[in-house]
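# Structural description and commentary
The chain contents come next:
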Amino acid sequence: MAAAEVEWLPDGTPRSTRYGDIYRSRGADGEGGLAQAHHVFLGGCGLWPPEGAVWRGQPRWHVLENGFGLGLNFLATWAAWQADPQAPAALFYTATEAHPATADDLRRSAAPYPDLAPPAEALAQRWTGLLPGVHRWTWTAPGPGEARRLHLTLCVGDATQGLPTLDTPVDSVFLDGFDPAVNPGMWSPPLLRAIARLCRPGTRLGTWTVARAVRDALTDAGFRVEKAPGLPPKRHCLRAVYAPGWSPRATLRQPLAGPHGDGRRAVVVGAGLAGSAVAWSLATRGWHVTVLDGADTPAAGASGLPVGLVAPHVSPDDAPLSRLTRAGLVGTRERAQALLTAGVDWKPSGVYEHRVEDKHRLPETPEWRLHGAAWSHPPDAEQTACAGLPPDTPALWPPRAAWLRPARLVAAQLAHPAVRFVGGVTVGALARQETGRWTVHTADGGVCAEGDIVVVCAGFDTRALLARLGVTTLPLHALRGQVTWGPMAALDADARSALPPFPVNGHGSLITGVPGPTGGPIWCMGSTFVRGSTDRAPHPDEHVANHDKLRRLLPKAAAALAPVWPQAHGWAGVRCTLPDRFPAVGALDPERLPGLHVLTGLGARGLTLSVLCGEVLAASLHGEPWPVEARLARALLASRFAQRKAA
């Protein structure tokens, strides 16, 4: 790496020096790196060779690694899991890393091993924007009857700070790091105790160091430790089993009480973005899901928007909402790539964010300067010119943002073979039976569905349905929005050339050239925000308001569309919000009403947050690792409102 290309880490270490040492110490030059992963870590935890893997027959497995480094241990685990037809259907791999390598570092590390090239490239393609916090990626692998899923949760930051935030038990521990004589903090007793807190009796641990200090600290933390033959030139490695001589006091998050196995049934009320996301997340975990909606077709409510944006929120202090929307953007993009057709249903186009009121400034931390451009950065001069704005326009360009047609995502998620959609059903009431199962009743009192759990995803109508159960703790507010749209074919050449080739937002949003309801390309501008209104009919005054917004957002585009504006179409929908601006996800009151869940309050960010929220609900139900920082996940939980009322 030339001097001009050296990337300096926040601790003052040049990345080239740091990872050059790792290449040599771990054999990433082809002289044993993969063998070490197999022998020391997978072998030490009973996961290698595959014919003897202890994870066989388990529904899921959770591996913890306290130093991701160049990812060889992860890639080796991925390959072993994928090659074993009896491996768990769900593999969770949680790793900490204070200073992530670059994507090219990962590729070079795996280059000597042809079998690791495909997963290494799949990882490298997503390995971007690694700001402090939690990053989650999911991959699928073919399996009997249903695709298997690998979830990588990367906790970027100091392990001593990140490990205490984890709250789900682990089955295997890869105790990685550097030479304890050089980096004693990597093996400190507090860190090992933080790892032990996540272990259950029988959890196995593997590490290459046999230093006395490490053995003593592990023993004190409750592990039974033994030396094992090492990988030459090392004589020994260390293997351990968590077997404390006391009853562990740590309370880790467990699955909510309920049925297990393949016979689980869920009923979801509402077939929009929220309902379809929940249905997909549950179906991929083995649930049979019935989705009910009052309309004959899915996405008939607010999710029927012609087209919308998936984009991150930014703030100078990198507020929780900013971190949440970044995670949501990743989740929605992954789902769109898996289920939709690029250029037809969605497109990772990037978005020009015109800071009309000079809002949404970027953070100025060293971490943001190093990794933040992957999420948002100032546009270049050509992008500003294409938007038809002056060169000094305050603006941002989130390169990973996308446009997406909501109804297409809804339909794709409901198309899962374990999901059944039933339209034309007006749900009148919910009831919990003495057996613990839930029944869903129509307005005339008939039973239309029954399940072990019910998830209400009916937007603002959720409030009335819950009130019939006596639940009044969810303070939902209606938020009406109207967009204006028209066919591109109605524009002359001059008007079309005045429209930007990419979406622009900042005071409403203008999206152009996307397929419309009949397939032809359209433009779409909006939306309005009318609080407290549940009227779903388009209003002429909001039609005018959208053009006024466009005049501030993109004056040239507003002038170009002015001649066709009176003939344009209107679409209106009712979203709902909560006072703290976060959605409500999961169980409302698990003690009083076990099995009753919600996903609502997405506001204007349904496209960005619905997929993530579906995964948070599934994680809470199954006791899985959170797909976001634990405090962000807890900030989403619907039970927060009942807890506030009780307090």
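Residues numbered from 1 in each chain as written. Predicted model: local features only at pLDDT ≥ 70, side-chain atom pairs only at ≥ 80, totals over all residues. Heavy atoms only, no water.

### Examining the sheet that holds strand 19 (residues 447-451)
Ordered by their spatial adjacency, 3 strands build an open sheet running 17-18-19, and the pairing between neighbours is antiparallel. Taken across any chain shown, the strands that pair with only one partner, and hence form the sheet edges, are strand 17 (427-432) and strand 19. Pairwise comparison of adjacent strand axes, ignoring direction, gives a mean angle of 20° for this sheet. Direction of pairing for strand 18 (residues 438-442) relative to strand 19: antiparallel, over a ladder of 4 bridges. Residue pairing for strand 19: Thr 439 is matched across the bridge by Glu 450. (Pairing = 2+ DSSP bridges. Helix = DSSP H or I, 4+ residues; strand = E, 2+ residues; numbered from the N terminus. Axes fitted to C-alpha atoms, helices over the stretch in contact; angles between N-to-C directions.)

### Considerations on the sheet that holds strand 20 (residues 453-456)
Strand order across the open sheet formed by 6 strands is 16-10-9-20-28-27, with mixed pairing between neighbours. A single partner strand is all that each edge strand has here, and the edge strands are strand 16 (419-422) and strand 27 (584-587). Averaged over all neighbouring strand pairs, the angle between strand axes comes to 20°, with direction disregarded. In terms of strand pairing, strand 27 meets strand 28 (residues 596-600) through 4 bridges, oriented antiparallel. For Gly 586, the partnering residue across the bridge sits in strand 28 and is Val 598.

### Topic: helix 9 (residues 273-283)
Most of helix 9 is tucked away: 11 of the 11 residues are buried. Here helix 9 has its buried residues at Leu 273, Ala 274, Gly 275, Ser 276, Ala 277, Val 278, Ala 279, Trp 280, Ser 281, Leu 282 and Ala 283. (Buried < 20%, exposed > 50% of the residue type's maximum accessible area, 1.4 Å probe, protein only.)

### Notes on the confidence of the model for the chain
When pLDDT is averaged across the chain, the result is 90; 90% of the residues are at 70 or more. Of the regions scoring below 50 in pLDDT, residues 1-31 engages in 65 contacts with residues more than four places distant in sequence or in other chains. (pLDDT = per-residue confidence, 0-100. Contact = heavy atoms within 4.5 Å.)

### Regarding the pairing of strand 1 (residues 60-65)
In terms of burial, strand 1 is largely enclosed, as 5 of its 6 residues are buried. Relative to strand 2 (residues 90-97), strand 1 runs parallel, the two being bridged by 6 bridges. Pairing of Arg 60 across the sheet is with Ala 90, part of strand 2. Regarding the hand of the β-α-β motif, the stretch spanning strand 1, helix 3 (residues 72-83) and strand 2 is right-handed. Strand direction decides the pairing type here: strand 1 and strand 5 (residues 170-174), joined by 3 bridges, are parallel. Across the sheet, Leu 64 pairs through a bridge with Val 173, a residue of strand 5. (Right-handed = clockwise from strand over helix to strand, strands pointing away.)

### Digging into unusual backbone geometry
Here the amide bond leading from Trp 48 into Pro 49 is cis, since omega sits at 0°, within 30 degrees of zero. Within the element layout of this structure, Pro 49 appears in the loop between helix 2 (33-42) and strand 1. The residue after Gly 526, namely Ser 527, is reached through a cis peptide bond having omega 0°. On the secondary structure map, Ser 527 appears in the loop between strand 24 (521-526) and strand 25 (530-531). In the Ramachandran plot, Asp 318 falls in the positive-phi region, its phi being about 50° despite a non-glycine side chain.

### Quick word on the side chain of Glu 334
Tracing the sequence through the fold places Glu 334 in helix 10 (residues 320-339). One polar contact links Glu 334 to Arg 126, side chain to side chain, over a distance of 2.5 Å. Not counting the four nearest positions on each side in its chain, Glu 334 is found in contact with Arg 126, Arg 136, Trp 137 and Thr 138. (Polar contact = N/O pair within 3.5 Å; in protein donor to acceptor, adjacent residues only side chain to side chain.)

### Considerations on the pairing of strand 24
For strand 24, a buried count of 5 out of 6 residues is recorded, marking the element as mostly surrounded by other parts of the structure. The pairing of strand 21 (residues 477-487) with strand 24 spans 5 bridges and is antiparallel. Its bridge partner lying in strand 24, Trp 485 is registered against Cys 524. Bridging between strand 23 (residues 509-515) and strand 24 involves 6 bridges; their strand directions are antiparallel.

### Overview of the packing of aromatic side chains
Applying the stated criterion across every chain yields a total of 13 aromatic pairs. Where Phe 68 meets Phe 74, the ring centres are 5.7 Å apart and the plane angle is 45°; that geometry is what we call tilted. Look at Phe 68 and you get buried, because its relative accessible area is 1%. An angle of 40° between the planes, with centres 4.8 Å apart, marks the rings of Trp 78 and Trp 139 as tilted. Of the two residues, Trp 78 sits in helix 3 while Trp 139 sits in strand 3 (residues 133-141), which places them 61 residues apart along the sequence. The pair formed by Trp 78 and Trp 139 is uniform in burial state, with each residue classed as buried. Ring pairing ties together the aromatic residues Phe 41, Phe 68, Phe 74, Trp 78, Tyr 93, Trp 127, Trp 137, Trp 139 and Phe 174, which thus form one cluster. Over the ring of Trp 81 we find Arg 148; its NZ or CZ atom is 4.8 Å from the centre of that ring. Seen from the ring of Trp 626, Arg 253 lies directly overhead, with NZ or CZ sitting 3.7 Å from the centre. (Phe/Tyr/Trp six-rings, centres within 6.5 Å; stacked < 30°, edge-to-face > 60°. Lys NZ or Arg CZ within 6 Å of the ring centre and 35° of its normal.)

### Remarks on the environment of Asp 444
Here Asp 444 lies in the loop between strand 18 and strand 19. Residue classification places Asp 444 among the exposed positions, given a relative accessible area of 70%. In this structure the C-alpha to C-alpha distance between Asp 444 and Thr 577, which are 133 residues apart in sequence, comes to 30 Å. A polar side-chain atom of Asp 444 sits 3.2 Å from the main-chain amide nitrogen of Gly 446.

### A word on the pattern of salt bridges
For the structure on display, the rule yields 22 salt bridges. The shortest N-O distance in the salt bridge between Asp 167 and Arg 634 comes to 3.7 Å. Highlighted residues: Asp 167 in the loop between helix 6 (159-162) and strand 5 and Arg 634 in helix 19 (residues 630-636), separated in sequence by 467 residues. For Arg 634, a relative accessible area of 44% translates into the label partly exposed. Here Arg 631 and Glu 629 are joined by a salt bridge, their closest N and O atoms 3.7 Å apart. Residue Glu 629 is classed as buried on the basis of its relative accessible area, which comes to 15%. (Salt bridge = Lys/Arg side-chain N within 4 Å of Asp/Glu carboxyl O.)

### Some thoughts on the nonpolar core
One broad trend across soluble globular proteins is that nonpolar side chains are buried collectively. Counting 105 residues, the largest nonpolar core has Trp 55, Phe 68, Phe 74, Leu 123, Trp 127, Leu 282 and Val 289 as the members making the most contacts within it. Residues contacting Val 289, with those up to four places away along its chain left out, are Ala 266, Val 268, Ala 279, Leu 282, Ala 283, Ala 418, Val 419 and Arg 420. One finds Val 267, Val 427, Cys 576 and Leu 588 within the second-largest nonpolar core, a separate group that totals 26 residues. (Core = buried A, V, L, I, M, F, W, Y, C linked by side-chain atoms within 4.5 Å.)

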